[in-house]
Amino acid sequence: MLIAYDSKTGNVKRFVNKLDPATVVQVSPELDMDEPFILVTYTTGFGQAPQSTMDFLDTNGHWLRGVASSGNMNWGTRYGLAGDHISAKYDVPLLMKFELSGTSKDVERFKWEVNQIVHANTEVDSA
């Protein structure tokens, strides 16, 4: 499944660089999706989703199948909150939150979560 990502400081980019590069695209104003995707984004401000991510989703949100968000645990309850907001707004699963650029264990968990989405979509398509 395609992974779209938005990165400000490079943490999310470092995270997705650990994935298959053929399945990764960076969010940009001109990016127009034509297939389902998983979003990986960062949390900004006091727990908000980045404006660039929300602008991208305004156009492409109908293809969104799940979201993961980066954050910093120093923010306590606001840690990775962008993912919660996007999950609720687009009624998609919050696959995970990871701190900064994530660990190798986070990457493996993300791959597993994406695989669950792919299999769920395959079962629906074949029904």
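This is a predicted model, so every value here is computed, not measured.

### Topic: the pattern of salt bridges
In this structure the tally under the stated criterion is 3 salt bridges. For K97, the salt bridge goes to D84, with nearest N and O atoms at 2.6 Å. Residue K97 is located in strand 5 (residues 94–99), and its partner D84 is located in helix 3 (residues 81–90); the two are separated by 13 residues in the primary sequence. Of the residues examined, K97 reaches a relative accessible area of 25% and is grouped as partly exposed. D84 sits in the partly exposed class, given a relative accessible area of 28%. Between K111 and E108 there is a salt bridge; the shortest N-O distance is 3.7 Å. With K111 and E108 both in helix 4 (residues 104–126) and 3 residues apart, this pair spans about one turn of that helix. Take K111: its relative accessible area is 38%, and that puts it in the partly exposed class.

### Observations concerning the nonpolar core
Grouped together as the largest cluster of nonpolar side chains are 18 residues, with contacts concentrated most on I3, V16, V40 and F110. At the level of elements, strand 1 (2–5), helix 1 (11–16), strand 3 (37–42), strand 5 and helix 4 are the ones that each hand at least two residues to this core. Those residues within four positions of I3 in sequence are excluded, and the remaining contacts are V16, L19, T23, V24, V25, I38, V40, F110 and V114. Listed in part, the 17 residues of the second largest apolar core include L31, M33, L39 and V67.

### Some words on the layout of surface pockets
Approximately 270 Å³ is the volume found for the largest pocket. Forming the boundary of the largest pocket are 17 residues, of which Y42, T43, T44, S70 and G71 lie nearest the centre.

### As for the pairing of strand 3
Across the 6 residues of strand 3, 6 count as buried, placing the element largely inside the fold. Here strand 3 shows a buried face lined by F37, L39 and T41 and a second buried face lined by I38, V40 and Y42. Here strand 1 runs beside strand 3; their pairing, made up of 4 bridges, is parallel. Residue pairing across strands places Y5 opposite V40, the latter belonging to strand 3. Sheet topology note: the strand 3/strand 4 (residues 64–71) ladder contains 6 bridges and is parallel. Of the residues in strand 4, the one forming a bridge with V40 is A68. Between the parallel pair strand 3 and strand 4, the chain is carried across by helix 2 (residues 51–60), and the sense of this crossover is right-handed.

What counts and what doesn't
Residues numbered from 1 in each chain as written. Predicted model: local features only at pLDDT ≥ 70, side-chain atom pairs only at ≥ 80, totals over all residues. Heavy atoms only, no water. Salt bridge = Lys/Arg side-chain N within 4 Å of Asp/Glu carboxyl O. Helix = DSSP H or I, 4+ residues; strand = E, 2+ residues; numbered from the N terminus. Buried < 20%, exposed > 50% of the residue type's maximum accessible area, 1.4 Å probe, protein only. Core = buried A, V, L, I, M, F, W, Y, C linked by side-chain atoms within 4.5 Å. Contact = heavy atoms within 4.5 Å. 1 Å grid on protein atoms, 1.4 Å probe; cavity = no way out; pocket = protein on both sides within 12 Å on 5 of 7 lines; lining within 4 Å. Points joined across faces, edges and corners; volume = space filled by probe spheres on them. Pairing = 2+ DSSP bridges. Right-handed = clockwise from strand over helix to strand, strands pointing away.

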